[in-house]
Amino acid sequence: MVLAPARRAGPRGPRARRHRAPRQAARRGAGLLDRPPLAGAHGWYVDQQRAELDRFKLTILEERLAADLDLGRHSEVIGELTDAVSADPLRESLRELLMLALYRSGRQAEALAAFDDVRRKLGDELGIDPGPGLRTLHERILRADPELLGPPQAAARPQSPADAVLTPASIPAASAHFVGRTAELGSIIDRLGGTGRAAIVGVTGLSGMGKTAIAIQAAHSVRSMFPDGQVYADMRGSHSEPVDAYDVLGAFLSSYGVTGDRLPTTLHERAACWRSVLSGRKVLVFLDDAGDPEQVRHLLPATQGSAAILTSNRRMVELPSVQWVNLTPLSPEESLELLAIEAGRERVLRERDAAIRLAALCSHHPLALRLAAARMTTRPLWTVAQIEAVSREELRGLTHLGPDCTVLARTFRRAMRSLTEEQALAFRLAAVPDWTYLTVPAVAALLNVTPPRARALLEALTDAHLLEAAPSGRYFYLGIVKVYARCTAWADDGPDACHAALQRLVRFYLTNAEAAVRSALPLQGPTPGGPTPGGALPATMTYTPARGTRPWPADSRSDILAVLDQVDDLPEATARRLRGLILREWRPAKTHGPSPSPR
């Protein structure tokens, strides 16, 4: 008996719209399900029917809101649509209605931000792109399609006083699971609220490190300081080409009423108009995932009162006014808290040691931790230790990334787009050896380049956050980054290139180990074990030691032995000779304490 009215109400909305009474019909249907369906009843069948009724209710709500838009009530339904989208953020039909309502209300920037938000959520949670309806609507908004304004009565409807004073507020919603970053968040907030010239803060770090999340958190924290509006733009866009500053300026100006014939037609005119709009106002500009200085230069405020926050995979030294905040991996405590929030606190704390190992396996990288938590959630009968063991086994692979790593791999591929071909090759091949720390001379031998060139490549990778800088002029990979780089090397460059790189590295180690031993205690006669594999090294790659010194830090010994174990086709005599030099003749000197281990 309960289900019958709901089923009759479902198709009424479309029929009523065709008969020009959409609002009344849809409201009658919605009124049938105002209260929670089947309240107080329990059981498997009841739960099924309740879920079906909820779907009917949502369908009726969509029909009624669509009818409101047909009647030109776009400004009136924005609040209701926003609530509906918050309750069901992945329902694309609701997003379309919200984008259309915002656009018809003169809030073009917020309509575009609504698309960026659902695109990001669909990609992060489901690994898919928005459907054709959303994509088409997004493209029509970008080109200001006049047909989007709706029927003549909607376009000609007088603007209400509330519409006339709308203030842009298009910053996406803050994450409910934001963890840690207390010092970085405080630094961003302090800088945005600074006095003097316009405050411009940049957040940089490896892809997936949480740049957008902390920037959104900071933006919401300082909203009250910018009463004249907060505007947002995703600079990466939904396609392979980044968003152009010209289009973003058009959206920003439209949100402040500069539309139609008043909207300038050249980039520099729009930039000048935007500076005029910001003059005397307190506006926060949020530019997310910027890739190039020229992409954001014309969007930044130039006068006191307004501020900007931008996120990017690398520092933009061409913009000297930007104060940069660099995001590094989470602390072990923050990583454990993130796993607890995402996968269940009781479960994580019950196997705390296994969860700590899992977090370390993820290199304390926020996106990797969320993926690990997602695996825990979808495998509720597995222990944390079992999930950690499976993840560790996957990360041991040389040529294959598990299915749960595809999102992470896509993130790192995006970070590699800014690299030159030579830098990308260095990133891949330097991950092949089983070493912890990368030194400039060893990388030069591995890549067959000069040490100055090797240093330049390592510095470029560090600037792109694909490598981390260690003490004593050395470098290291985050564990998950190294796995991705190594898998890519075997897949893209092939086994022959990887083996050749290892051979060059072993030849470097052998030649320089012999030189170090001779400097400490000259050997009598020829060195046993045959010639150096591959012949002599160029003079720029060999080491001429002072007496009693070494060509590398003492804690590199385990790295050298690990690399030696990787080279299966190394002649036994050569391997024995290098092992002997490392383990016996070459005595490591005392160090001033251990080097910090890379995360």
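The rules behind these values
Note on numbering: residues in each chain are counted from 1, in written sequence order. Local features in a predicted model are, by the rule used here, given only for residues with pLDDT of at least 70; side-chain atom pairs are given and counted only at 80 or more, and totals for whole chains, interfaces and linings are based on all residues. Processing note: side-chain calculations cover all non-hydrogen atoms of the structure and skip hydrogens and water entirely. In this analysis, strands are considered paired if DSSP registers two or more bridges between them. Starting at the N terminus, helices and strands are each numbered in turn, a helix being any DSSP run of H or I of at least four residues and a strand any DSSP run of E of at least two. Axes here mean lines fitted to C-alpha atoms, for a helix over just the part in contact, with angles spanning 0 to 180 degrees between N-to-C directions. Here is the rule for angles: anything less than 35 degrees is roughly parallel, anything more than 145 is roughly antiparallel, 65 through 115 is roughly perpendicular, and the remaining ranges are oblique. Working rule for handedness: look at the near helix, and if it is turned counterclockwise from the far one by less than a right angle, call the crossing left-handed; if clockwise, right-handed. Contact between two residues is taken to exist if any of their heavy atoms lie within 4.5 Å; hydrogens are not considered. The residue classification treats Ala, Val, Leu, Ile, Met, Phe, Trp, Tyr, Cys and Pro as nonpolar and Asp, Glu, Lys and Arg as charged. All others, Gly included, are polar. Stacked, tilted and edge-to-face are the three classes assigned to paired rings of Phe, Tyr and Trp, where Trp is represented by its six-membered ring and a pair needs centres within 6.5 Å; plane angles under 30 degrees give stacked, over 60 edge-to-face, the rest tilted. Three exposure classes are used, based on accessible area relative to the maximum for each residue type with a 1.4 Å probe and protein chains only: buried under 20%, partly exposed in between, and exposed over 50%. By definition, being over a ring means that NZ of Lys or CZ of Arg is both within 6 Å of the ring centre and within 35 degrees of the ring normal.

Undergrad: What is the right way to look at the sheet that holds strand E5 (residues 323-327) in this model?
TA: In a beta sheet, neighbouring strands pair by backbone hydrogen bonds and run either parallel or antiparallel. Strand order in the open sheet formed by 5 strands is E2-E3-E4-E1-E5, with parallel pairing between adjacent strands. Bordering the open sheet on either side are strand E2 (230-234) and E5, each of which pairs with just one other strand. Mean inter-strand twist for the sheet, computed between neighbouring axes without regard to direction, equals 15°. Strand direction decides the pairing type here: strand E3 (residues 284-290) and strand E4 (residues 307-312), joined by 5 bridges, are parallel.

Undergrad: Is there a simple way to think about the packing of helix H11 (residues 182-192) against helix H12 (residues 211-221) in this case?
TA: If you want to describe how two helices pack, look at the angle between their axes and the distance between the axes. Relative to each other, H11 and H12 sit at 50°, their axes nearing to 9 Å. As the angle between them shows, H11 and H12 are arranged oblique. In the crossing of H11 with H12, the sense of the turn from one axis to the other is right-handed. Residue-level contacts link Glu 184, Leu 185, Ile 188 and Ile 189 of H11 to Ile 214, Gln 217, Ala 218 and Ser 221 of H12. In the contact of H11 with H12, the residues fall into 5 nonpolar, 2 polar and 1 charged.

Undergrad: Help me out: how do you make sense of the packing of helix H16 (residues 332-343) against helix H19 (residues 366-378) in this one?
TA: Running from N to C, H16 and H19 point in directions that differ by 40°, and their axes come no closer than 9 Å. With respect to the hand of their crossing, H16 and H19 are arranged in right-handed fashion. Where H16 approaches H19, its residues Ser 335, Leu 338, Leu 339, Glu 342 and Ala 343 are matched on the opposing element by Pro 366, Leu 369, Arg 370, Ala 372, Ala 373, Met 376 and Thr 377. Residues of the contact of H16 with H19, tallied by class, amount to 8 nonpolar, 2 polar and 2 charged.

Undergrad: What is the right way to look at the packing of aromatic side chains in this model?
TA: Applying the stated criterion across every chain, the model contains 8 aromatic pairs. With centroids separated by 6.3 Å and ring planes inclined at 85°, the aromatic side chains of Tyr 437 and Phe 476 adopt a geometry described as edge-to-face. With Tyr 437 in the loop between helix H22 (421-429) and helix H23 (440-447) and Phe 476 in strand E7 (residues 474-476), this residue pair connects regions lying 39 residues apart in the sequence. You'll find Tyr 437 and Phe 476 in the same group, each marked buried. Stacked on the ring of Tyr 246, the Lys or Arg Arg 270 has its end atom at 3.7 Å from the ring centre. A cation sits over an aromatic face here: Arg 474 above Tyr 437, 4.4 Å from the ring centre.

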